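# Understanding the architecture of this molecule
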Amino acid sequence: MSVLTLLWRLRRYTSAWVGLHRIRNLDLRRQSLEHVVDEVFDFAGGFFEPVQIRSEILEALREVRELRPKYIVEVGTAGGGTLLLWSRVADPEATIVTIDLPGGEFGGGSSYLRVPLFRKLPLPGQTLHLIRGDSHDPKTLELTKTYLQGHSADFLFIDADHTERGVRADYDMYSPLVRAGGMIGFHDIAITRPEYGVRTLWHELKAHHRTRDIVGEPLAYGIGLLYR
Ligand SMILES: C[S@@+](CC[C@H](N)C(=O)[O-])C[C@H]1O[C@@H](n2cnc3c(N)ncnc32)[C@H](O)[C@@H]1O
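Presented here is an overview of the structure given in this document. None of these values were measured; they are calculated from a predicted model. (Residues numbered from 1 in each chain as written. Predicted model: local features only at pLDDT ≥ 70, side-chain atom pairs only at ≥ 80, totals over all residues. Heavy atoms only, no water.)

## Thoughts on helix 9 (residues 198-206)
Threshold: Burial classification: accessible surface area is computed with a 1.4 Å probe over protein chains only, and a residue below 20% of its type maximum counts as buried, one above 50% as exposed, and the rest as partly exposed. We count a stretch as a helix when DSSP gives it H or I for four or more residues in a row; a strand needs E for two or more, and each element gets its number in order from the N terminus. To obtain the arc, one takes the directions from the helix axis to the C-beta atoms. Contacts: residue pairs with any heavy atoms within 4.5 Å of one another.
Within the span of helix 9, buried status applies to Val198, Leu201, Trp202 and Leu205. End-on view of helix 9: buried residues confined to an arc of 105 degrees, all on one side of the axis. Of the surrounding elements, those touching the buried residues of helix 9 are helix 8 (164-174), strand 5 (178-187), strand 6 (210-214) and strand 7 (223-227).

## Quick notes on the pattern of salt bridges
Where we set the bar: For salt bridges, the criterion is a side-chain nitrogen of Lys or Arg within 4 Å of an Asp or Glu carboxyl oxygen.
Evaluation of the coordinates by the stated rule reveals 15 salt bridges. With a shortest N-O distance of 2.7 Å, Asp27 and Arg29 are connected by a salt bridge. Take Arg29: its relative accessible area is 73%, and that puts it in the exposed class. Among the ionic pairs, Arg179 bridges to Asp154, the shortest N-O distance being 2.5 Å. A residue pair is termed long-range when its members are at least 10 positions apart, and Arg179 in strand 5 and Asp154 in strand 4 (residues 153-158) qualify at 25 residues. Here Arg179 falls in the partly exposed class, since its relative accessible area comes to 29%. Each of Glu34, Glu59, Arg62, Glu63 and Arg212 takes part in one network of salt bridges that share partners.

## Points about the site of the ligand
Note the following rule: A single heavy atom is enough: if one lies within 4 Å of a molecule or strand, its residue is considered near that molecule or strand. As used in this structure description, the phrase polar contact means that two N or O atoms lie within 3.5 Å; if the pair is within protein, one of them must be able to donate a hydrogen and the other to accept it, and residues adjacent in sequence are counted only when both atoms belong to side chains. What sets the accessible areas is the Shrake-Rupley method with a 1.4 Å probe; for residues, cover comes only from the shown protein chains. All amino acids are sorted into three groups, where Ala, Val, Leu, Ile, Met, Phe, Trp, Tyr, Cys and Pro are nonpolar, Asp, Glu, Lys and Arg are charged, and the leftover types, Gly among them, are polar.
Taken together, 24 residues sit near the ligand, with Gln52, Thr82, Asp100, Ser135 and Asp159 positioned nearest. Within the side chain of Gln52, one N or O atom sits 2.8 Å away from an oxygen atom of the ligand. At 2.7 Å, a side-chain N or O of Asp100 approaches an oxygen atom of the ligand. When the free accessible area of the ligand is taken as 600 Å², the share hidden by the protein chains comes to 97%. Tallied by class, residues from the shell around the ligand come to 6 nonpolar, 13 polar and 5 charged.

Quick look at the structure:
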């Protein structure tokens, strides 16, 4: 990494800490969802920018907000962007479990420098559990169940290993945690690149479940929502 990149990162990291009160004040009781999404994308030079298309995540958030989930599991934390957004549409006393494999494919998140900031993201009454590990490791699943304390998840978001094998494993392992009436979100259902296999699994699932495709225009990653 060049000295300039290092300095730029340091500056962005510092401004994230300095401006954190702006994030902590984001609250849908006082602000619109559009405002919250814009703030999260733009904050501190994009420090928490989700790896998402704005229009797609906004529409997904509208649905998750209706559900008002109390128990959320996210596979694929990356820089914390979607984690932060889920926290704002969740129940004010929600439990959120988010999983990432530092150095993992398709990003690499939950660095030691970011974790202390992540801990400040939820609303005051919410509980956040950060798991730094491979979602495909049975121990990660067990830990997730421990954190859910016997409760089913209302919402699961799968956005980690996007290979067909990887996303299938995440679905097979974590979807049984979701209650009937809950929702499962998949990211990148519209991506056709060969290393991405979400689309293949998504087309299979659509044949057997009630689903909704959220696909942006002109740019699309695609979010698939599956209703349990
Ligand atoms: C596309 S990013 C997630 C983006 C995030 N949801 C957002 O929109 O801000 C994918 C993340 O999944 C993680 N990942 C990849 N394979 C994983 C695995 N097997 N277990 C846990 N995390 C994994 C990567 O480290 C990366 O941070």
